[in-house]
Amino acid sequence: MANSQPGRHVPISPAIRHDWDMGIVNIPEAGYGLGVLFPATVEKYNFFSLTNITGYQFNRNIKAGLGYGVLMHDNDMLFPLFCDMRANLNSQGVVPFLEASGGVEFNPPHINNDSRIFISGMLGLHFVTVTKLSTNLSAGLHINAGGSEEKTTFIVVKLGIEIKGKRNDTLK
């Protein structure tokens, strides 16, 4: 039974060992959102996003950070600023994870009338590729409210890479 304790797992490679370490993480991602639920007064649209999350990995399973980026649809560009939290499920080379994020999407030309708040929930896979570098693939829902659209919902797919800093054994 002792082998089921998270602290007793042995990584199968140096890349996985580094992936489990605490430290700064940077996660650039590209995403595509397919519009599914809109108010009757708004035409459906899709979006493309480029975001970056800079955060900290607290232990093998928990990461949190702040994100920013750009979300493009039709002739509009929104600039999201958000908090992101990820929970990895115990695994080795391919790691399932849950992601929750929420924040504000600013529309600078119409900041008072067309900015929104949003929440997003995702389920994904984290592929440990080499030391300091992993690939993330996730899908889920993105819901925003505010602006002229009141509330809209999207199914989102994201692809990203996770970059970790150098290991610092002196902190252990």
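This text goes with the structure placed above it.
Figured I'd write up the structure that's included with this text. Counting from 1, residues in each chain are numbered in the order their sequence is written. Per-residue local features of the predicted model are confined to residues with pLDDT of at least 70, and side-chain atom pairs are confined, for both listing and counting, to 80 or more; whole-chain, interface and lining totals are unaffected and use all residues. Side-chain metrics rest on all non-hydrogen atoms present in the structure, leaving aside hydrogens and water.

### A few points about the packing of aromatic side chains
Turning to step 1, where the next piece is worked out: Aromatic rings from Phe, Tyr and Trp, with only the six-membered ring used for Trp, were paired whenever their centres fell within 6.5 Å, and each pair was classed as stacked if the ring planes differed by under 30 degrees, edge-to-face if by over 60, and tilted otherwise. Within this structure, the stated rule accounts for four aromatic pairs.
Turning to step 2, where the next piece is worked out: Where tyrosine 56 meets phenylalanine 58, the ring centres are 5.2 Å apart and the plane angle is 65°; that geometry is what we call edge-to-face.
Turning to step 3, where the next piece is worked out: Arranged with centres 5.9 Å apart and planes meeting at 70°, the rings of phenylalanine 82 and phenylalanine 118 form a pair that is edge-to-face. One end of the pair, phenylalanine 82, is in strand S4 (residues 76-88); the other, phenylalanine 118, is in strand S6 (residues 116-130), with 36 residues separating them in the sequence.
Turning to step 4, where the next piece is worked out: The rings of Tyr45, Phe47 and Phe154 are connected pair by pair, giving a single aromatic cluster. Here a helix means four or more residues in a row that DSSP labels H or I, a strand means two or more in a row labelled E, and each is numbered from the N terminus.

### Some words on the environment of isoleucine 163
Turning to step 1, where the next piece is worked out: For isoleucine 163, the position within the fold is in strand S8 (residues 151-164).
Turning to step 2, where the next piece is worked out: The spatial distance from the C-alpha of isoleucine 163 to the C-alpha of valine 25 is 5.7 Å, given a sequence separation of 138 residues.
Turning to step 3, where the next piece is worked out: Here, residues are in contact when the closest pair of their heavy atoms is within 4.5 Å. If we ignore the near neighbours within four places in the chain, the residues touching isoleucine 163 are Ile24, Val25, Asn26, Pro28, Lys132 and Leu133.

### Considering the pairing of strand S1 (residues 23-37)
Turning to step 1, where the next piece is worked out: Pairing analysis gives eleven bridges linking S1 to strand S2 (residues 47-57), with the strands arranged antiparallel. By the bridge assignment for S2, alanine 30 is matched with leucine 50.
Turning to step 2, where the next piece is worked out: When DSSP finds two or more bridges between a pair of strands, those strands are recorded as paired. As paired strands, S1 and S8 are joined by ten bridges and run antiparallel to one another. The residue bridging glycine 33 from the neighbouring strand is valine 156, located in S8.

### Looking at the pairing of S2
Turning to step 1, where the next piece is worked out: Examined bridge by bridge, S2 and strand S3 (residues 62-73) share ten bridges and lie antiparallel to one another. Along S3, the bridge assignment pairs isoleucine 53 with glycine 67.
Turning to step 2, where the next piece is worked out: Connecting S2 to the antiparallel partner S3 that follows it, the hairpin turn spans four residues.

### Observations regarding a nonpolar patch on the surface
Turning to step 1, where the next piece is worked out: The patches described consist of residues with a relative accessible area above 30% and no salt bridge, like charges being joined within 9 Å and nonpolar side chains (Val, Leu, Ile, Met, Phe, Trp, Tyr) within 5 Å. Here the Shrake-Rupley method, with its probe set to 1.4 Å, supplies the accessible areas, and only the displayed protein chains count as covering residues. Counted as salt bridges are all cases of a side-chain nitrogen of Lys or Arg within 4 Å of a carboxyl oxygen of Asp or Glu. On the surface, Tyr32, Leu34, Phe48, Leu50, Leu141 and Ile155 cluster together into a nonpolar patch covering about 530 Å² of accessible area.
Turning to step 2, where the next piece is worked out: Elements represented by at least two residues in the nonpolar patch include exactly S1 and S2.
Turning to step 3, where the next piece is worked out: When you line up the elements, leucine 141 lands in strand S7 (residues 133-145).

### Description of the sheet that holds strand S5 (residues 94-106)
Turning to step 1, where the next piece is worked out: Spatial ordering of the closed barrel is given by S1-S2-S3-S4-S5-S6-S7-S8, a layout of eight strands whose pairing is antiparallel. In this sheet, neighbouring strand axes are inclined to one another by 25° on average, regardless of whether the strands run parallel or antiparallel.
Turning to step 2, where the next piece is worked out: By the bridge criterion, 13 bridges tie S7 to S8 in an arrangement that is antiparallel. Each residue of the ladder has a partner; that of asparagine 144, found in S8, is threonine 152. Helix axes use the C-alpha atoms of the stretch in contact, all axes being lines fitted to C-alpha atoms, and the angles between their N-to-C directions lie in the range 0 to 180 degrees.

### Side note on the nonpolar core
Turning to step 1, where the next piece is worked out: By nonpolar core is meant a set of buried Ala, Val, Leu, Ile, Met, Phe, Trp, Tyr and Cys residues that side-chain atoms within 4.5 Å join together. Only protein chains enter the calculation, and the probe is 1.4 Å; a residue is then buried if its accessible area is under 20% of its type maximum, exposed if over 50%, and partly exposed in between. One finds Phe38, Tyr45, Phe47, Leu71, Leu78, Met122, Phe154 and Val156 forming the largest nonpolar core, which totals eight residues.
Turning to step 2, where the next piece is worked out: Other than its neighbours up to four places away in sequence, phenylalanine 154 contacts Gly33, Leu34, Gly35, Val36, Phe38, Tyr45, Phe47, Gly140, Leu141, His142 and Asn144.
Turning to step 3, where the next piece is worked out: Within the second largest apolar cluster, five residues are counted, among which are Val25, Ile27, Ile53 and Phe118.

### A word on the pattern of salt bridges
Turning to step 1, where the next piece is worked out: Using the criterion set out here, one finds six salt bridges in the structure.
Turning to step 2, where the next piece is worked out: For the salt bridge of glutamate 29 with lysine 158, the shortest nitrogen-to-oxygen distance reads 3.3 Å. With glutamate 29 in strand S1 and lysine 158 in strand S8, this pair connects stretches of sequence that are 129 residues apart.
Turning to step 3, where the next piece is worked out: Judged by relative accessible area, which is 5%, glutamate 29 ranks as buried.
Turning to step 4, where the next piece is worked out: Judged by its relative accessible area of 11%, lysine 158 falls in the buried class.
Turning to step 5, where the next piece is worked out: The salt bridge partner of aspartate 84 is arginine 86, with a shortest N-O separation of 2.8 Å. Exposure class is identical for aspartate 84 and arginine 86. Each is buried.
Turning to step 6, where the next piece is worked out: Where salt bridges share partners, they join Glu29, Asp84, Arg86, Glu99 and Lys158 into one cluster.

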